[in-house]
Amino acid sequence: MQNKFNPPSRISACTRAVALALGLMAAAPLALAQSNTTTTIYGEVKAAAGASIVLQNLDTGVLRTLTPDAAGRFQANSMPPGRYQLRLVRNGKVEATQEVEALVGSGVEANFGIVNTLDTVTVSGAAKRIDVSNTNNGVVFTAKELKALPVAADVAAVIQLTPGVVRGTNGQYGNAPSIAGSGQSENSFYVNGFPITNILTQVGASELPFGAIGNMQVLSGGYGAEFGRSTGGVVNITTKSGSNKFEVGGKLSWIPGSLKGKPYDTFYPNTGEHPATDGKLQYWNQGNESSSKVVGLYAGGPLIQNKLFAFVALEQTRSDSESIAASTASGVSSPTGWSKSNGKTERYLAKLDYNLTDDHHFELTKLYDKTTSSSQGFGFNYSTLTHDDIAGNGKQTYVNCCGSGSAPGADISIVKYTGYLSDALTVTAVYGDSRTKHSRTPAGYNPSLAQTSSAVSARVPTLTYANPQTVTGSLVDPESGDRQKGMRLDVEYKWGEHSLRGGIDRLDVNSVVGNSLAGGYRWTYRKAADPTRAINGAFETPFQGGGFGTQGYYVSKDIDTNLARPSGVQSAQYIQDHWQVTDRVLLDLGLRREQFTNYTSNGDAFISQRNMIAPRLGATWDFAGDGSLKLFANAGRYHLPVPSNLSSNMAAPLTRTSEMFTYTGVDANGAPTGLHAISKPYSANNAYGQSRDAREVTAIGLKPLSQDEFSLGLEKALNKSLVVGANFLYRRLNDTNDDTCDQRPIEAWALKNGVDTSHWGGFQCAIMNPGRDNNLWIDFAGGKGLQRVDISAAEWGTPKPARNYKAFNLFAEHPFRDGWYGKVTYTLSYLKGNMEGQTDTLGGGDVALTVSDDHKELMYNAYGYLPSDHRHAIKAYGFLQVTPEVTVGANLSLISGGPRNCLGELPDALHDDTAGSYGSAYFYCNGKPSPRGSMGRLPWTAQLDMNVAYMPAAVKGLSLKADVFNLLNRRSITRYNESREDGGAISETYLQVAGRTGPRSVRLTAEYNLSF
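Because the structure is a prediction, the values reported are computed rather than measured. (Residues numbered from 1 in each chain as written. Predicted model: local features only at pLDDT ≥ 70, side-chain atom pairs only at ≥ 80, totals over all residues. Heavy atoms only, no water.)

**Here's the deal with the nonpolar core**
Logical step 1: Of all hydrophobic cores here, the largest spans 44 residues; its most connected members are F141, V155, I159, L208, I213, M216 and I237.
Logical step 2: Contact partners of L208, with chain neighbours within four places excluded, come to V191, I213, I237, T239, R347, L349 and L367. (Core = buried A, V, L, I, M, F, W, Y, C linked by side-chain atoms within 4.5 Å. Buried < 20%, exposed > 50% of the residue type's maximum accessible area, 1.4 Å probe, protein only. Contact = heavy atoms within 4.5 Å.)

**Things to note about the state of the cysteines**
Logical step 1: Applying the stated criterion to the full structure yields three disulfides.
Logical step 2: Put simply, C741 and C765 are joined by a disulfide, and their sulfur atoms are 2.0 Å apart. Judged by the sign of its S-S torsion, about 110°, the bond between C741 and C765 is right-handed. On the criterion of sequence distance, the pair formed by C741 in the loop between β44 (738-740) and α7 (744-752) and C765 in the loop between α7 and β45 (766-768) is long-range, its members being 24 residues apart. (Disulfide = S-S within 2.5 Å. Helix = DSSP H or I, 4+ residues; strand = E, 2+ residues; numbered from the N terminus.)

**Structural notes on the sheet that holds strand β7 (residues 107-109)**
Logical step 1: Read from one edge to the other, the open sheet built from three strands follows the order β4-β1-β7, with strand pairing classed as mixed. Each edge of the open sheet carries a strand with a single partner, namely β4 (73-79) and β7. Ignoring strand direction, the axes of neighbouring strands in this sheet form an average angle of 15°.
Logical step 2: Note: strand β1 (residues 39-44) against β7, three bridges, orientation parallel. Each residue of the ladder has a partner; that of T40, found in β7, is G107. (Pairing = 2+ DSSP bridges. Axes fitted to C-alpha atoms, helices over the stretch in contact; angles between N-to-C directions.)

**What about the environment of A518?**
Logical step 1: For A518, the position within the fold is in the loop between β31 (498-517) and β32 (522-527).
Logical step 2: Of the residues examined, A518 reaches a relative accessible area of 0% and is grouped as buried.
Logical step 3: Expressed as a C-alpha distance, the spacing of A518 and S972, which sit 454 residues apart in the sequence, is 43 Å.
Logical step 4: Not counting residues up to four positions away in its chain, the partners in contact with A518 are Y445, L449, Q451, V471, G473, S474 and L475.

**Digging into a nonpolar patch on the surface**
Logical step 1: A contiguous nonpolar patch, built from L303, I304, L352, L364, V415, Y431 and M487 and spanning about 600 Å² of accessible area, is present on the exposed surface.
Logical step 2: Relative to the assigned elements, Y431 resides in strand β26 (residues 425-437).
Logical step 3: Exposure remark for Y431: the relative accessible area of 37% places this residue in the partly exposed category. (Patch = residues over 30% accessible without salt bridge, like charges linked within 9 Å, V, L, I, M, F, W, Y side chains within 5 Å. Areas by Shrake-Rupley, 256 points an atom, 1.4 Å probe, with all protein chains shown as cover. Salt bridge = Lys/Arg side-chain N within 4 Å of Asp/Glu carboxyl O.)

**Considerations on the sheet that holds strand β12 (residues 188-191)**
Logical step 1: Strand order across the open sheet formed by five strands is β9-β14-β15-β12-β13, with mixed pairing between neighbours. Whereas interior strands pair on both sides, the edge strands pair on one side only; in this sheet they are β9 (137-142) and β13 (194-195).
Logical step 2: Relative to strand β15 (residues 234-239), strand β14 (residues 213-221) runs antiparallel, the two being bridged by six bridges. Across the sheet, residue N215 finds its bridge partner in β15, namely T238.

**Focus: the layout of surface pockets**
Logical step 1: What the second largest pocket holds in volume is close to 680 Å³.
Logical step 2: Forming the walls of the second largest pocket are 29 residues, and the residues nearest its centre are Q690, S691, R692, D693 and Q764.
Logical step 3: Only α5 (645-650) and β46 (774-779) provide two or more residues apiece to the lining of the second largest pocket.
Logical step 4: Per element, the largest residue contribution to the lining of the second largest pocket is four residues, and it comes from β46.
Logical step 5: Classifying every residue of the lining of the second largest pocket gives 13 nonpolar, 12 polar and four charged. (1 Å grid on protein atoms, 1.4 Å probe; cavity = no way out; pocket = protein on both sides within 12 Å on 5 of 7 lines; lining within 4 Å. Points joined across faces, edges and corners; volume = space filled by probe spheres on them. Nonpolar A, V, L, I, M, F, W, Y, C, P; charged D, E, K, R; others polar.)

**What to know about the pattern of salt bridges**
Logical step 1: Tallied over the full model, the rule gives 41 salt bridges.
Logical step 2: Residues joined by salt bridges that share partners form a network here, namely E226, R229, R488, D490, E492, R501, D505, R592 and E594.

**Considering the packing of aromatic side chains**
Logical step 1: Taken as a whole, this structure holds 21 aromatic pairs when the rule is applied.
Logical step 2: A ring pair is formed by F380 and Y382, whose centres lie 4.9 Å apart and whose planes are at 80°; its orientation type is edge-to-face.
Logical step 3: You can call F380 buried: its relative accessible area is 3%.
Logical step 4: Relative to F623, the ring of W621 has its centre 4.9 Å away and its plane inclined at 65°; by these criteria the two rings are edge-to-face.
Logical step 5: For W621, a relative accessible area of 36% gives the class partly exposed.
Logical step 6: Through pairs of rings, three or more aromatic residues link up here, namely Y190, Y223, F227 and Y638.
Logical step 7: Here R971 stacks its cationic end above the ring of Y264, 4.9 Å away from the centre of that ring. (Phe/Tyr/Trp six-rings, centres within 6.5 Å; stacked < 30°, edge-to-face > 60°. Lys NZ or Arg CZ within 6 Å of the ring centre and 35° of its normal.)

Given below as structure tokens:
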């Protein structure tokens, strides 16, 4: 049987030569014919003369009519995912029909054979069992599957079902996954074609009501030229939409604390060196409890039949928890040793779909995501293991805050247009705007009140110095937040055997990030021993200032703000050719060009990476020509931008000034009155809010983080009920961007070139390409301005980054048939290198600012198996319709343990006092080399989740479900404290259990749906 995507036509040899040249240039994964929010429906009519194919969306009634070519082939690109009826029409009469379900980012084939023209024939099961139209590595989850499977109601949990995905090893990055060997900041997330990845850090993403997900595609490799800004995976979500049928519903979900398994206590390890603590209790965790409740409502339907549709989903989660907050080291009792927290997560989605005509479709999506949490400390006594209700500190309230792993939040608007201008030409355009705010607010905080500080000796005896501001120190600046504006345009044109697709996109990112003094500033009261003596930075003495200054009393207005306004522009252009070379062979030839620019708070570009070329090549072979066996391969290059939070760390303006006054009184809020300035704002360290010179922040000609990838695989439909497959994936990191803080090579260069460094304040770190020659601009404060400093890779001493991932995946899938669905996957993988990526296990939570390359000594013995290396992974999930009223589901995960390390201090023989010390961050133990991953393996983790759902026939639309997570309550160890040394001695927490899988929990859900 002939099949395939594109109708044949004559095409010039020149054009074919260009297309072939593009393919030979390519080194990356396939460029899909459908966009990242749509699907493709294609097939063949055996007798094409006079025939037309009518596609009707069964939910919205929208029609699209296609005329098969002379060979009988037809193809409908850029179709919304959903259920479709295809009708073969000839001379106004329907000859045959069939139904298909088209999933996001995929293709579905439906063929019409020779039919009886006297009667209408309904063809069932004619769709191919394997999608031979693409070569990506990934899976698609439908709303039906997500509802039936026992999985936590968040995107990160669903991603874990995908082969090659493991949980991140650093909890500071939250639940962001590691996909196919990547770091936790290397994934891209989309909703209805618009990126929702964390704007500031690239770790994780904004979320939507879980029940609003229509399709969720997780790509772990092989994605096309239209996708970029990712070296990990792509998570591509399309939401539900309204249809011609009215539907309303709601759900109540509860995870009671009383049904949770008890957590284990934390004990000090037996080090043999600390008899006071060895084997003894550190944290009593038995009293830790948490519970959560979810309320959800949704409604959808036609506002105008077949024309205008609406869908709305509202979801609110409330959680409460209490847990130990102090260790036994803090003493028998602690006034803040017990923490009580509560949280509220609000997620809303609204979607309008308008069909101006069958050929012109408009979408509007509104997405809102806000997480508010608060915590407060109370007293706890270790002698009685009890806590009281006496608050030991003020309550803190957080909104979408704080740290790399915090929920970023979102307020997003997305507008999309799809135009089927002809059978051959389709245009799509997307514009979106996303913004979010971050805050940390202590209880009782009044932002209009300045802080005051007054020692008794600095007070005028006749005055009263009030201090009504209850908050001291710094808070997240009230302006903190992120905004992103994005737009893209895609054009697709079918030309003979070619389905050509090209597009452009642009993202403008702006953030405000940093801290400032609570109340905006602080009044610090002072007294000079000699009022007539000049004060450093002042133009008058206190005596000259008058008021109480004649007695030596004065006040300073202190401002301490580290507020950055980083911004960036990410743009790309791509072209791809979905080329049906023969009836059975399909090539995907793609080329992507990207540009990343990061700006300082002053608007100066400090990273400008241009003309990054990412070729993509994919091929698929329908071996038997009947869609039963597919062989595929792809290869390509990918680039990753530097997150804008790097600017807030490396090029943030710091304002730390004091302006001095004399005064004549103090008001009721503790603020001085009768002020007379005796100085201008003065900074002892020259911190007047200026940024570093953008040219000093990064190496000259900084290369982007890039990765190359190759994969090949096969899928075989053994019968209608069983599909099996295998694929191999290889990834290699080429370059990365990281901060280096080693001043020694610069001092050596200055000495060799006779440069005076006596006035130089020192090296403040810069972003470089580890393992390469890195040249810098440096101002040595010698009156010559910026000087170019050229330093070779050997002089820097850090090796080239290495991260190699090899994985062999097997799967067997039983499509939903005969009342059950199931899938089993096995992954054998190896992840080895000297760098984890933009995120790492050793350092803190700052993205793209790892500890690894700060000094060359940190990279000694750093090559080995990386933390996300799990040799074996078995995942199985599915559900069974036991009776029309009862469904059971299961989700099993068996993953071998990651590698273990022993980290310690740098041996004295290698220590250089001018380089500083990073404590126990070196791959040395007891003074000897301890190569990465050489200390054995963590144990396997095994988790079985199950559920049962009851849908009584007597109450149509009602569903009662119980999910049990970690049914067997296995508490596998996932991490040890690997830092052996502390101040020259063995750390008292070396080899302490630092992480386990969570205890058993139960989720009870009642849901009601009414359709009419």
